[in-house]
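For reference, the chains in residue letters:
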Amino acid sequence: MRIDFKPGNMLYPVPVVMVSCADSEGRSDIVTVAWTGTICTNPPMVYISLRPSRYSYDIIKKSGEFVINLTNEKLVKIADECGVKSGRDIDKWKVLKIEQLPSKVVAASSIKESPVCIECKVEDIIELGSHHMFIAKVVAVNVDAKYMDEKNKFDLTKADMVVYNHGEYIGLSKVLGTFGYSVKKKKIRK
């Protein structure tokens with residue numbers, strides 16, 4: 001038996017990221033975002049979607065840049081708090097004791113505790129309805145070396161990454177296959 005739902009966002013799970021931003025007036029914030037993803041390989045481009053009512057919205061719109069900080073199990077409580085509290089009311093960096101890491105290209109700080117920090121420059125803003133999509137070019141990426149494997153590849157299982165699914169944070173810990181494994185020819189032993 002299948003159940004019909006009204007049209008809506010059922011594309012789950014989605015990443016849990018903390019987006020850091022700063023403007024020239026000294027305003028800085030971290031907002032938790034689940035509407036984010038990759039949109040192009042070359043040039044490398046991503047997007048985030050925010051409600052215009054969010055404190056970070058105007059900061060990002062004015063500065064034209066932000067950092068996507070990936071979230072792992074160690075950061076999930078902080079990510080949740082960054083999503084439910086407003087930067088209008090508190091300085092999340094200080095209150096949540098998040099360490100700022102100077103970014104390489106953008107003015108906004110990266111989150112030092114994050115396994116991967118993706119620095120972005122806004123290319124376009126598309127007003128879609130409840131959310132506006134910030135389309136951005138990736139201008140720098142930094143990765144905590146402790147999450148790299150012996151082949152210098154980011155090890156998702158070491159990083160204890162989390163995703164968001166219908167109001168729940170869920171950990172990722174098991175590799176099920178690699179790209180092309182379903183059609184890979186088996187080696188014949190002699």
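Residues numbered from 1 in each chain as written. Predicted model: local features only at pLDDT ≥ 70, side-chain atom pairs only at ≥ 80, totals over all residues. Heavy atoms only, no water.

The protein chain is annotated in an unreviewed UniProt entry as Flavin reductase family protein from Lachnoanaerobaculum gingivalis. Taken directly from UniProt, the Cofactor (unreviewed entry) text for the protein chain runs: "FMN". UniProt, in its Sequence similarities (unreviewed entry) section for the protein chain, records the words "Belongs to the flavoredoxin family." (UniProt positions renumbered as here; feature names shortened; annotations may be inferred.)

Q: Run through a nonpolar patch on the surface, naming residues and quoting values.
A: A cluster of nonpolar side chains, contributed by M1, I3, F5 and M10, occupies part of the molecular surface with about 600 Å² of accessible area. Given the relative accessible area of 63%, F5 is considered exposed. (Patch = residues over 30% accessible without salt bridge, like charges linked within 9 Å, V, L, I, M, F, W, Y side chains within 5 Å. Areas by Shrake-Rupley, 256 points an atom, 1.4 Å probe, with all protein chains shown as cover. Salt bridge = Lys/Arg side-chain N within 4 Å of Asp/Glu carboxyl O. Buried < 20%, exposed > 50% of the residue type's maximum accessible area, 1.4 Å probe, protein only.)

Q: Provide a residue-level description of the UniProt feature "domain: Flavin reductase like" (unreviewed entry) in the protein chain, including the pertinent values.
A: In this structure's numbering, the residues bearing the UniProt feature "domain: Flavin reductase like" (unreviewed entry) are residues 10-149. In the segment residues 10-149, helix accounts for 16% and strand for 42%; the C-alpha atoms at its two ends are 33 Å apart. (Helix = DSSP H or I, 4+ residues; strand = E, 2+ residues; numbered from the N terminus.)

Q: Got a sec to walk through the packing of aromatic side chains? Specific residues and values, please.
A: All chains considered together, the criterion is met by three aromatic pairs. Each ring, one from Y57 and one from F134, has its centre 5.3 Å from the other, and the planes form 70°; the classification is edge-to-face. Of this pair, Y57 sits in helix α1 (residues 55-63) while F134 sits in strand β10 (residues 132-143), and the two are 77 residues apart along the sequence. The exposure class assigned to Y57 is buried, which follows from its relative accessible area of 4%. (Phe/Tyr/Trp six-rings, centres within 6.5 Å; stacked < 30°, edge-to-face > 60°.)

Q: Summarise the environment of K112; cite the residues concerned and give the values.
A: With respect to the secondary-structure elements, K112 resides in the loop between β8 (110-111) and β9 (116-127). In contact with K112, other than residues within four places in its own chain, are E99 and L101. (Contact = heavy atoms within 4.5 Å.)

Q: An account of the nonpolar core is requested, with residue identities and associated values reported.
A: Residues V19, I48, L50, I60, F66 and I68 are the most contacted members of the largest nonpolar core, which totals 24 residues. Every element with two or more residues in this core is listed here: β2 (17-22), β3 (28-33), β5 (45-50), α1, β6 (65-70), β9 and β10. Leaving out residues up to four positions away in the same chain, I60 has contacts with V19, C21, I48, L50, E65, F66, V122 and F134. With eleven residues, the next largest nonpolar core counts V16, L75, A79 and I98 among its residues. (Core = buried A, V, L, I, M, F, W, Y, C linked by side-chain atoms within 4.5 Å.)

Q: How would you explain unusual backbone geometry if you had to name every residue and give the values?
A: The amide bond that connects Y12 to the next residue, P13, takes the cis arrangement and shows omega of -5°. Inspection of the secondary structure assignment puts P13 in the segment before β1 (14-15). Here N42 and P43 are connected by a cis peptide whose omega angle stands at 5°. Structurally, P43 is set in the loop between β4 (36-40) and β5. Of note in this structure, K97 is not a glycine but carries a positive phi near 55°. Note that K97 resides in the loop between α3 (92-95) and β7 (100-101). Here the phi dihedral of H166 falls at roughly 45°; this positive angle occurs in a residue that is not glycine.

Q: Would you mind going over a positive patch on the surface in detail, with residue names and values included?
A: On the surface, a cluster of positive charge is contributed by K151, K153, K184 and K187. Within the fold, K153 resides in the loop between β10 and α4 (156-159). Given the relative accessible area of 53%, K153 is considered exposed. (Lys, Arg positive; Asp, Glu negative; His and termini not counted. Charge placed at Lys NZ, Arg CZ, Asp CG, Glu CD.)

Q: Just give me the short version of the sheet that holds β6, but keep the residues and values in it.
A: Strand order across the open sheet formed by seven strands is β3-β2-β6-β9-β10-β5-β4, with antiparallel pairing between neighbours. Strands at the two margins of the open sheet, each flanked by one partner only, are β3 and β4. Across the sheet, the mean angle separating the axes of adjacent strands is 35° when strand polarity is ignored. In this sheet, β6 lies alongside β2 in antiparallel orientation, the contact comprising four bridges. Its bridge partner lying in β6, V17 is registered against L70. Sheet strands in contact with α1 are β2, β3, β5, β6, β9 and β10, and its direction is about 115° off that of β3. In this fold helix α2 (residues 76-84) packs onto β2 and β3, with an angle of close to 105° to the strand it touches most, β3. (Pairing = 2+ DSSP bridges. Axes fitted to C-alpha atoms, helices over the stretch in contact; angles between N-to-C directions.)

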